[in-house]
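Letter by letter, the chains look like this.
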Amino acid sequence: VGTVYTAQGFEFDYIGVIFSNDLVYDPVAKDWISKPENSHDSTAKRGNKMLTEHLKNVYRVLMSRAHKGVYVYFMDENTRKFFESRIEK
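K.L.:
Honestly, the packing of aromatic side chains in this entry has me stumped. Any pointers?
P.N.:
In this description, an aromatic ring pair is defined by two values, namely the gap between the centres and the angle between the planes. Within this structure, the stated rule accounts for 11 aromatic pairs. Their ring planes at 35 degrees and their centres at 6.2 Å tell us that Phe-19 and Trp-32 sit as a pair that is tilted. With Phe-19 in strand S1 (residues 12-19) and Trp-32 in strand S3 (residues 31-34), the pair connects residues that are 13 residues apart, well separated along the chain. Exposure class is identical for Phe-19 and Trp-32. Each is buried. On the basis of an interplanar angle of 15 degrees and a centroid distance of 3.9 Å, the ring pair of Phe-19 and Tyr-59 is categorised as stacked. A residue pair is termed long-range when its members are at least 10 positions apart, and Phe-19 in strand S1 and Tyr-59 in helix H3 (residues 51-62) qualify at 40 residues. By relative accessible area, which is 2% here, Phe-19 ends up buried. Judged by relative accessible area, which is 5%, Tyr-59 ranks as buried. Ring-pair connections join several aromatic residues into one group, and the members of that group are Phe-19, Tyr-25, Trp-32, Tyr-59, Phe-74, Phe-82 and Phe-83.

What follows is the structure, given as structure tokens:
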């Protein structure tokens, strides 16, 4: 699977998602920040005033395509820590 556009409507046993630096969690502001300069989706970032919400939806779709498991690699350390803080151990 390459992008959210190729994954929508499909289900997989397993999926790997690279959580890029285009959407990061800021622990000081306690909020999500989009960084259009780090996005490779030229259509989504062109004049999109709702880019943060768009990217949150993109990652939600990607991480919900698998039946058995999802492997996620986080490029941003604070984003990884945020996700780990939400996982029951």
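Further notes follow.
K.L.:
It is not clear to me how the nonpolar core should be interpreted in this structure. Could you clarify?
P.N.:
Where a protein is soluble and globular, its nonpolar side chains tend to be buried together. Grouped together as the largest cluster of nonpolar side chains are 15 residues, with contacts concentrated most on Val-17, Phe-19, Leu-23, Trp-32 and Tyr-59. For this core, the secondary-structure elements that each account for two or more residues are S1, strand S2 (23-26), H3 and strand S4 (66-74). When residues of this core are assigned to their parent elements, the largest contribution, five residues, is made by H3. Ignoring anything within four residues of it in the chain, the contact list for Leu-23 reads Trp-32, Ile-33, Ser-34, Thr-52, Leu-55, Lys-56, Tyr-59 and Thr-79.

K.L.:
Whenever I open this one, the side chain of Ser-39 confuses me. Can you help?
P.N.:
As for its placement among the helices and strands, Ser-39 is situated in the loop between S3 and helix H2 (42-45). Once residues lying within four places of it in the same chain are set aside, the contact partners of Ser-39 are Asp-22 and Lys-45.

K.L.:
I keep staring at the environment of Ser-85 and nothing clicks. Help me out?
P.N.:
Note on placement: Ser-85 falls in helix H4 (residues 77-85). A distance of 2.9 Å separates polar atoms of two side chains, one belonging to Ser-85 and the other to Arg-86.

K.L.:
Would you mind showing me how to read the pattern of salt bridges here?
P.N.:
Should their charged atoms come close, side chains of opposite charge can pair. With the rule as written, the count across this model stands at three salt bridges. Close ionic contact of Lys-56 with Glu-53 constitutes a salt bridge, the shortest N to O distance being 3.5 Å. In this pair, Lys-56 and Glu-53 are both assigned in helix H3, three residues apart and thus about one turn of the helix distant. Between Glu-77 and Arg-80 there is a salt bridge, with its nearest N and O atoms 2.1 Å apart. With a gap of three residues between them, Glu-77 and Arg-80 both fall in helix H4, about one helical turn apart. What you see here is one network of salt bridges that share partners, running through Glu-77, Arg-80 and Glu-84.

Cut-offs used in this document
Residues numbered from 1 in each chain as written. Predicted model: local features only at pLDDT ≥ 70, side-chain atom pairs only at ≥ 80, totals over all residues. Heavy atoms only, no water. Phe/Tyr/Trp six-rings, centres within 6.5 Å; stacked < 30°, edge-to-face > 60°. Helix = DSSP H or I, 4+ residues; strand = E, 2+ residues; numbered from the N terminus. Buried < 20%, exposed > 50% of the residue type's maximum accessible area, 1.4 Å probe, protein only. Core = buried A, V, L, I, M, F, W, Y, C linked by side-chain atoms within 4.5 Å. Contact = heavy atoms within 4.5 Å. Polar contact = N/O pair within 3.5 Å; in protein donor to acceptor, adjacent residues only side chain to side chain. Salt bridge = Lys/Arg side-chain N within 4 Å of Asp/Glu carboxyl O.

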